[in-house]
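# Fold and geometry: a report
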Amino acid sequence: MKKKLPIGIQTFSEIIRDGYYYVDKTPFIHSLINEGKHYFLSRPRRFGKSLFIDTLKSLFEGKEELFKGLYIHDKWDFTKTNPVIHISFGGGVLQSRQELDDTIREMLEENQKILGVKCTYKTISGCFKQLIRLAHEKYGQSAVILVDEYDKPILDNITDSKTALDMRTGLRNLYSVIKDMDAHINFSFITGVSKFSKVSLFSGMNNLRDITISDNYSAICGYTEQDVNRVFADEIEEIDRQTMGNNRQKIKDWYNGYNWLGETVYNPFDLLLLFQEHDFRPFWFETGTPDFLVKVLTGRNQFVPDLEHVITVENLLSRFDVNDMPMEAILFQTGYLTIDHVEWTGAKQIFHLRYPNHEVRMGLTEQMLFALTPDNSIAAANLYKLYQLLSVNDFTGLKSLFHSFYSSIPHHWYDNNPIAQYEGYYASIFYSYFAALGLNVKVEDATNHGRIDMSVKFNENIYLFEFKVVELSPDGRAIEQLKNKNYAAKFKADNLPIHLIGVEFSKKERNIVGFDVENYNLITGDK
């Protein structure tokens, strides 16, 4: 009999007692406890961090009945319990340092009531220290510290640097206590979305092990392919019955792909909603893309096609602070890019990043398209028109569509938006239209003669694009490069019609001035 879907359920006891599906994460818990003491984990929103924290809490509190049948049950001494101090900033939005301090005091008071102790110290840091010590003394076992959404007060105010810095100072005042009270602490686990530096938030905690990028803990949150096949087999069969087909690959393309150097995982929020709605939609993306993310990308004149393949070093992935936010770190930590593979160049690790899956790629390029254009309603209508025209290979219509679109952008938009003044602006819009439709798009597609600016596979056709920016008049260099480099040869094995499309943008006209199309016959090699 099928179980209930734990959508939005973050309480471990409720999931176990009320018959919800549960993917057993206790093997990771067992490893963590055996390997160390203080841990930090960064994962994107809605990835199961809060449920993992609550599972830890139930284990240390000795609630054996909840763990029967799970990996850790016969490996844990449930007669020995620890006092647990649980702190979470997941609820509500705090907008000032005063609100933060008040909230922390409320959480410390709540923990005192639960543990049956009373703090007399007035300061936040003093009360937290006393709470840890009193808990240890009363229960005869050292305390367990669990912190969920540790960074939310900062991220909620990230576009207001003064308030964000105030929040950071207030949180550092709280977290620094963990280092000083090490003798009274058995285990600590801190989790959130971002990865602020130890210097800025965890001063002196050199023993804090960061397991964010770790092959052993890549699947600590999220569902692996094995999890899905084992736990949710009935749900997948139900989708297959309704659609009269096999949806395994489609599910994987849409929602799998997140990787932190180990096994790739599905976004659990997406998968659960898919099983509930029986419809492929960007569920995770629809819950809200941070406004500051798109603002940062557009403010830095991000060439949108480059997001398909970002190359960086681990230091940039890990570096994140109020006034120091590398683009790679923002996209990686928030879940819009993930690790594709790592290579060594001498003594240096180079990280290659990619979109995790179809949902994220389509959603982020759509948001970037809307940010790049002044009228979102026109952009949305053009997406549908593009799909219709491409479906029938109406290249004259495609040229007119993009020409009229660029013509509709008022001159004051260019004057007031620096992003519209850089050369990559035109190609970014062009690419974003195709990617936002969810088409099979590749940029900088490598051949043995060079790199194709953009290739698209759609409706049993292949489209190869080359972009050039000219001063005023077209010179035919875009289409000539496609032919001279013989880019089409790479796709011979596909045995599909190939269309070479050279697009030229004019700096002066601020529009397409060249749109040349030639069909390539794979059998004869004729253009």
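Residues numbered from 1 in each chain as written. Predicted model: local features only at pLDDT ≥ 70, side-chain atom pairs only at ≥ 80, totals over all residues. Heavy atoms only, no water.

## Concerning the sheet that holds strand E8 (residues 348–354)
Strand-to-strand pairing in sheets goes through backbone hydrogen bonds, with the strands running parallel or antiparallel. For the record, the criterion: At least two bridges found by DSSP between two strands are what make those strands a pair. A run of H or I in DSSP counts as a helix once it spans at least four residues, and a run of E counts as a strand once it spans at least two, with each numbered from the N terminus. In this analysis an axis means a line fitted to C-alpha atoms, helices contributing only their contacting stretch, and an angle means the value between N-to-C directions, from 0 to 180 degrees.
One open sheet accounts for 3 strands, arranged E6-E8-E7; its pairing is antiparallel. With partners counted over all chains shown, the strands left at the sheet margins are strand E6 (310–313) and strand E7 (338–345), one partner each. Neighbour-to-neighbour, the strand axes of this sheet turn through a mean angle of 30 degrees, independent of strand direction. Summarising the sheet, E7 and E8 pair through 7 bridges and their orientation is antiparallel. Its bridge partner being in E8, His341 is matched across the sheet by His352.

## Structural notes on the layout of surface pockets
So the rule is basically this: Residues are said to line a cavity or pocket when one of their atoms sits within 4 Å of a point; the points come from a 1 Å grid over protein atoms alone, cavities being sets where a 1.4 Å probe fits but cannot get out and pockets being open sets with protein on both sides within 12 Å along at least five of seven lines. Grid points are joined across faces, edges and corners, and a volume is the space filled by probe spheres set on the points.
Looking at the second largest pocket, its volume works out to about 400 Å³. Forming the walls of the second largest pocket are 18 residues, and the residues nearest its centre are Glu308, His309, Leu353, Arg354 and Val443. Every element with two or more residues in the lining of the second largest pocket is listed here: E6, E7, E8 and strand E9 (440–447).

## Side note on the packing of aromatic side chains
Convention followed: Only rings of Phe, Tyr and Trp enter the pairing, Trp through its six-membered ring, and a pair is recorded when the two centres are within 6.5 Å. The plane angle decides the type: under 30 degrees is stacked, over 60 is edge-to-face, the rest tilted. Charge over a ring is defined by NZ of Lys or CZ of Arg lying within 6 Å of the ring centre and within 35 degrees of the ring normal.
Enumeration over the complete set of coordinates arrives at 40 aromatic pairs. With a centroid separation of 4.9 Å and an interplanar angle of 35 degrees, the aromatic rings of Phe12 and Phe67 are classed as tilted. Taken together, the residues Phe12 in helix H1 (residues 12–17) and Phe67 in the loop between helix H3 (49–60) and strand E2 (84–88) connect sequence positions 55 residues apart. Among the aromatic residues, ring-to-ring pairing joins Phe402, Phe405, Tyr406, Tyr425, Tyr426, Phe430, Tyr433, Phe434, Phe465, Phe467 and Phe505 into one connected group. Sitting over the face of the ring of Phe269, Arg46 holds its NZ or CZ atom 4.5 Å from the ring centroid. In this arrangement the basic side chain of Lys75 is found over the ring face of Tyr71, its NZ or CZ atom lying 3.9 Å from the centre.

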